[in-house]
Amino acid sequence: MSELLQIAQYSADEIKQAESISPAIKRYLDLLSNTSPDSNQQIELDRHQYWVRSALSVILKKNSPQDVCHFWSLSADKIISKAWASRGCSKFALAIFALGKWGSNELNLSSDIDVVF
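To keep things clear, this report deals only with the structure shown in the data block. (Residues numbered from 1 in each chain as written. Predicted model: local features only at pLDDT ≥ 70, side-chain atom pairs only at ≥ 80, totals over all residues. Heavy atoms only, no water.)

### A closer look at the layout of surface pockets
Keep this limit in mind: Residues are said to line a cavity or pocket when one of their atoms sits within 4 Å of a point; the points come from a 1 Å grid over protein atoms alone, cavities being sets where a 1.4 Å probe fits but cannot get out and pockets being open sets with protein on both sides within 12 Å along at least five of seven lines. Grid points are joined across faces, edges and corners, and a volume is the space filled by probe spheres set on the points. The way it works is that DSSP assigns letters per residue, a run of H or I at least four long becomes a helix, a run of E at least two long becomes a strand, and they are numbered from the N terminus. Only Asp, Glu, Lys and Arg are considered charged in this grouping, and only Ala, Val, Leu, Ile, Met, Phe, Trp, Tyr, Cys and Pro are considered nonpolar; every other residue, Gly among them, is considered polar.
Within this model, the largest pocket holds a volume of roughly 160 Å³. Arg47, Trp72, Ala76, Ile79, Ile80, Leu107, Leu109, Ser111, Asp112 and Ile113 are the residues that line the largest pocket. The element best represented in the lining of the largest pocket is helix α4 (residues 65–86), accounting for four residues. Grouping the constituent residues of the lining of the largest pocket by class yields seven nonpolar, one polar and two charged.

### Remarks on the pattern of salt bridges
As a reminder of what qualifies: By definition here, a salt bridge exists when the distance from a side-chain nitrogen of Lys or Arg to a carboxyl oxygen of Asp or Glu is within 4 Å. Relative accessibility decides the category of a residue: with a 1.4 Å probe and only protein chains considered, values under 20% of the type maximum give buried, values over 50% give exposed, and everything between is partly exposed.
Enumeration according to the criterion identifies four salt bridges in this entry. Residues Arg53 and Glu3 are paired through a salt bridge, measuring 2.8 Å at the closest nitrogen-oxygen approach. Pair noted here: Arg53 is in helix α3 (residues 39–59) and Glu3 is in the segment before α1 (12–21), with a separation of 50 residues, a long-range link. Among the residues examined, Glu3 registers a relative accessible area of 51% and is labelled exposed.

### Details of α1
For clarity, the threshold we go by: Here the arc refers to the directions that run from the helix axis out to each C-beta atom.
For α1, every residue scored as buried is listed here: Glu14, Ile15 and Ala18. The arc that holds the buried residues of α1, viewed along the axis, is 100°, so those residues lie on one side. Exposed residues on α1 whose side chains face more than 90 degrees from its buried face are Ala12, Asp13, Lys16 and Ser20.

### Let's talk about a nonpolar patch on the surface
Filter applied, for reference: Note that patches include only residues with greater than 30% relative accessible area and no salt bridge, and the join distances are 9 Å for like charges and 5 Å for nonpolar side chains (Val, Leu, Ile, Met, Phe, Trp, Tyr). To measure how exposed things are, a 1.4 Å probe is used in the Shrake-Rupley method; for residues, cover is taken only from the protein chains shown.
Where nonpolar side chains cluster on the molecular surface, the patch consists of Phe92, Leu94, Val115 and Phe117 and spans about 410 Å² of accessible area. Among the secondary structure elements, Phe117 is positioned in the segment after β2 (115–116).

### Quick word on the side chain of Ser54
Put simply, the rule reads: Every residue pair with non-hydrogen atoms within 4.5 Å of one another is taken to be in contact.
Examined against the element boundaries, Ser54 turns out to sit in helix α3. Of the residues examined, Ser54 reaches a relative accessible area of 0% and is grouped as buried. The contact partners of Ser54, leaving out residues within four places of it in the chain, are Leu4, Val68, Phe71, Trp72 and Leu109.

### Side note on the nonpolar core
Soluble globular proteins tend to pack their nonpolar side chains together in the buried interior. For clarity, the threshold we go by: Only buried Ala, Val, Leu, Ile, Met, Phe, Trp, Tyr and Cys residues count toward a nonpolar core, and they belong to the same one when joined by side-chain atoms within 4.5 Å.
Formed by 23 residues in total, the largest nonpolar core has its most connected members in Ala18, Ile25, Leu29, Trp51, Val52, Leu56 and Leu60. Elements with a contribution of two residues or more to this core: α1, α2 (23–33), α3 and α4. Ranked by the residues each element gives to this core, the list is headed by α3, at seven residues. The residues contacting Val52, other than those within four sequence positions of it, are Ile7, Tyr28, Leu29 and Leu32.

The structure is reproduced here in structure tokens:
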């Protein structure tokens, strides 16, 4: 799997091109640039950043669809793990099961995830 570019690695022209195709990119970038994260918002901001990186990669054809799905799935792992730790869940005898597309590292940008504890 090749790593997806960071948002800052895209040119202004590339960002404008992507925003013209998907207005959601502009909304997410605005959220990322206009927010001073506190610990409760950081998980949400991480999710926004991963989504923008994935969407830019898809729209600008920087990575294969398989690479983007794999990245988005691993990003979900990171987000869930961070939420798990921040809420103190590790002190309980629980496990999380990743089912479906999440479990097979095939999440796409419109996928939801089913979490089973």
